[in-house]
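Here are the chains, one letter per residue:
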Amino acid sequence: MGVKNLWDVLEQCKKTLPLHHLHNKRVCIDLSCWIVQLQNVNKSHCPINNKLYLASLFHRLRALIALNCSLIFVTDGSIPAIKLCTYRRRLNLRPEAQDGANSHSQNLSSLKRNMGSEFSCMIKEAKLLGLALGIPCLDGIEEAEAQCALLNLESLCDGCFSSDSDTFLFGARTVYRDICLGEGGHVVCYEMDDIERKLGFGRNSLISLALLLGSDYTQGVRGLGLEAACQIVKSVGDNDILRKIALEGLSFTRKKKNSKKQGQVKCNDKETTLSCKVNMNGGIQNSQTDDQYLLVVEAYMSPKCHSADSDVVHRALVQRPFQHEQLQMLCSRFFEWPPEKTDEYILPKIAERDLRRFAYLRSTSSQLDVNIPMKEVPVKCPVSAIIKRRKVHGRECFEVLWEELYGIKSSVVPSDLVVSACPEKIKEFDDKRALEKKNQRKSRPKKSGKQCSLTEIDQKLQHLLLDIELGSESSPMASREVISDQMPTATEVNFMNRDPPIILDSYCRATMLCQETDITAPKHEVIDLLSPSPQVQSRVVSRCTQMNDQHITIIDLSESETERSPEHVRKARELRLFLASIRDDFN
């Protein structure tokens with residue numbers, strides 16, 4: 001509970017922050033408060049045996065783990081002696097037992113909790129789940145919120161998760177009251193700096209409000225309203241209020257006898273009725289003596305906690321490893337999940353956490369003007385490569401390939417995280433995509449007029465060769481030998497050579513120029529057009545060689561220009577120019 005109606009006083013200091021506000025922070029969790037919250041949700045949906053509260057806790061933890069939020073569970077220890085009255089009242093004990101405890105609470109010692117109760121068993125299960133996730137647990141001496149507040153006050157953590165408003169009275173500076181997951185996830189935050197600036201209440205003033213309004217340690221002043229209590233505390237001031245209570249008790253709250261009336265005042269934009277009952281001496285009635293108020297002040301100012309430099313606290317601050325197999329076993333036991341389902345839930349979050357740690361390391365180094373290349377960072381980058389860009393709920397993301405990490409291969413992470421952690425990987429990805437697009441453009445046929453299909457090239461070559469054949473027939477200097485018409489036509493051109501020869505395959509239909517009689521057409525005929533002006537010769541220089549068991553004839557058309565047919569010269573020149581244009585296009 002904390003202080004009665006204190007959250008109403010602090011309402012105007014409430015801030016709703018996005019969930020990523022917690023990334024790279026260390027936060028203490030009052031585990032009892034979280035279990036109570038989740039247990040109430042559990043009761044409204046299904047029996048407690050289904051352990052919905054524990055599954056909800058698991059999802060809260062994995063969301064915070066993905067943000068690289070270092071968590072510390074803090075549990076309650078013994079019940080403080082000054083709280084026994086409230087504790088027994090909550091257990092609905094008989095009034096006489098309450099009165100006896102109330103009159104002698106200052107003489108009693110703290111009471112150990114029943115570790116065999118149902119709630120204690122729920123706490124044990126939560127601790128086991130946390131340890132498997134690498135979350136340490138600090139068992140408090142008495143109040144868990146007091147231990148959380150001490151760690152926050154000593155700057156050993158950045159804030160506390162607690163729904164008890166008296167966390168501020170123990171000295172906390174930042175309190176997260178609630179958390180919401182999912183799309184648009186956020187946390188409800190209260191800062192002591194805002195309380196001091198907006199309301200003018202420091203820690204002393206909040207303890208004084210607990211004395212007047214009531215809390216776990218005191219029943220407060222009967223009949224005193226919220227607005228009246230705030231006005232009384234403000235009128236004295238934060239620096240003097242506790243000293244005044246120590247010297248005078250609550251006598252400074254006395255009213256004059258003619259002040260027996262009711263008044264209307266405004267508190268947080270709500271009308272509140274004040275009704276102050278005045279006793280025979282003119283003071284406000286209360287059910288406790290001034291000495292008991294001093295005990296309350298002492299309980300808030302000096303709670304029983306582990307000191308900041310104790311070994312217990314140091315062990316709790318050490319980072320614990322993630323226990324993969326232990327978590328699979330617990331999820332199978334608590335939720336009846338197969339290992340694959342557990343891995344699907346937690347492994348992407350563990351990988352994202354490691355990437356945030358890597359990004360935090362690089363950003364810290366850059367702040368210190370130490371710019372280390374990614375390959376030289378002592379810790380290896382967990383991202384192996386970027387697969388593709390993605391958009392999740394309207395947010396730019398990357399699907400990344402992970403290094404070997406508990407068997408996970410790939411997952412989706414926010415793009416801003418990849419930018420801060422490994423911008424080099426993004427550059428590699430963009431360069432690779434640009435190269436792939438360039439290669440795709442090269443592989444497509446050009447639409448320019450100079451380009452033509454292979455079929456068209458084949459047809460033009462055949463027509464030119466046929467024209468050359470026909471032109472050579474008119475020359476009196478040349479004799480001819482025609483290959484059989486039964487052979488199909490095909491032309492094979494080598495365009496890789498600077499001046500490619502024309503290869504007439506055995507399937508080509510061509511005419512061989514030869515002075516010798518009855519020369520059988522070879523399987524491959526090679527015409528050398530290296531000369532600027534290929535010439536037709538009446539006397540054919542034929543060289544026959546045996547290559548790979550095939551007979552090849554090479555014909556050299558390099559005789560003088562006077563021995564050639566004019567028509568043949570023209571066709572040869574056209575062929576040479578055509579081949580040159582093809583070579584230019586392919587180059």
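Residues numbered from 1 in each chain as written. Predicted model: local features only at pLDDT ≥ 70, side-chain atom pairs only at ≥ 80, totals over all residues. Heavy atoms only, no water.

Looking at an unreviewed UniProt entry, the protein chain carries the name Flap endonuclease GEN-like 2, with the source organism given as Gossypium klotzschianum. Word for word, the UniProt comment on the protein chain under Cofactor (unreviewed entry) is "Mg(2+)". Recorded in UniProt for the protein chain, the comment headed Sequence similarities (unreviewed entry) runs: "Belongs to the XPG/RAD2 endonuclease family. GEN subfamily." (UniProt positions renumbered as here; feature names shortened; annotations may be inferred.)

Chemist: Hey, could you go over the side chain of Glu-125 for me, with residue numbers and the actual values?
Modeler: Among the secondary structure elements, Glu-125 is positioned in helix 6 (residues 118-132). In terms of polar contacts, Glu-125 uses its side chain to reach the side chain of Lys-51, at 2.9 Å. Contacts of Glu-125, omitting those with residues within four sequence positions, involve Lys-51, Tyr-53, Leu-54 and Phe-334. (Helix = DSSP H or I, 4+ residues; strand = E, 2+ residues; numbered from the N terminus. Polar contact = N/O pair within 3.5 Å; in protein donor to acceptor, adjacent residues only side chain to side chain. Contact = heavy atoms within 4.5 Å.)

Chemist: Before we move on, can you summarise helix 3 (residues 52-66) with the specific residues and values?
Modeler: A rise of 1.5 Å per residue sets the reference length of helix 3, with its 15 residues, at 21 Å; its end C-alpha atoms lie 21 Å apart and thus fit the reference within 8%. Most of helix 3 is tucked away: 12 of the 15 residues are buried. Tyr-53, Leu-54, Ala-55, Leu-57, Phe-58, Arg-60, Leu-61, Arg-62, Ala-63, Leu-64, Ile-65 and Ala-66 are the residues of helix 3 that are buried. (Expected span 1.5 Å × (residues − 1). Buried < 20%, exposed > 50% of the residue type's maximum accessible area, 1.4 Å probe, protein only.)

Chemist: How would you explain the sheet that holds strand 11 (residues 395-405) if you had to name every residue and give the values?
Modeler: Sheet architecture is open: three strands sit in the order 10-11-12, paired in antiparallel fashion. Strands at the two margins of the open sheet, each flanked by one partner only, are strand 10 (383-392) and strand 12 (408-414). Adjacent strand axes in the sheet meet at a mean angle of 30° when their direction is disregarded. Pairing analysis gives eight bridges linking strand 10 to strand 11, with the strands arranged antiparallel. Residue pairing for strand 11: Arg-390 is matched across the bridge by Cys-397. (Pairing = 2+ DSSP bridges. Axes fitted to C-alpha atoms, helices over the stretch in contact; angles between N-to-C directions.)

Chemist: Please provide a residue-by-residue account of the nonpolar core, values included.
Modeler: Core analysis: the largest hydrophobic core is formed by 64 residues, its most contacted members being Leu-133, Phe-161 and Leu-327. The element contributing the most residues to this core is helix 3, with eight residues. In this structure, this core is formed jointly by two domains, domain 1 (6-93 + 113-253 + 292-317) and domain 2 (338-439), each of which donates at least three residues. If near-sequence neighbours (up to four positions away) are discounted, Leu-327 is found in contact with Phe-58, Leu-129, Ala-132, Leu-133, Phe-322, Thr-342 and Ile-346. Judged by nonpolar contacts, the second largest core, of 59 residues, contains Phe-201, Leu-209, Leu-224 and Leu-250. (Core = buried A, V, L, I, M, F, W, Y, C linked by side-chain atoms within 4.5 Å. Domains from an automatic or database assignment.)

Chemist: Describe the packing of aromatic side chains, listing the residues and the values that go with them.
Modeler: Per the counting criterion, the structure on display carries 12 aromatic pairs. Each ring, one from Trp-337 and one from Tyr-345, has its centre 5.0 Å from the other, and the planes form 40°; the classification is tilted. Overall, the relative accessible area of 10% leaves Trp-337 in the buried class. Given a relative accessible area of 24%, Tyr-345 falls into the partly exposed group. An angle of 75° between the planes, with centres 6.4 Å apart, marks the rings of Phe-398 and Phe-429 as edge-to-face. (Phe/Tyr/Trp six-rings, centres within 6.5 Å; stacked < 30°, edge-to-face > 60°.)

Chemist: Let's hear about the sheet that holds strand 3 (residues 70-75): which residues, and what values?
Modeler: On the basis of which strands lie adjacent, the open sheet formed by seven strands has the order 1-7-6-5-2-3-4 and mixed pairing. Strand pairing shows two members of the sheet lacking a second neighbour, strand 1 (15-18) and strand 4 (137-139), which therefore form its edges. Put simply, the sheet's adjacent strands are angled 30° from each other on average, direction ignored. Pairing geometry for strand 2 (residues 26-30) and strand 5 (residues 159-161), over three bridges, is parallel. The residue of strand 5 that forms the bridge with Cys-28 is Cys-160.

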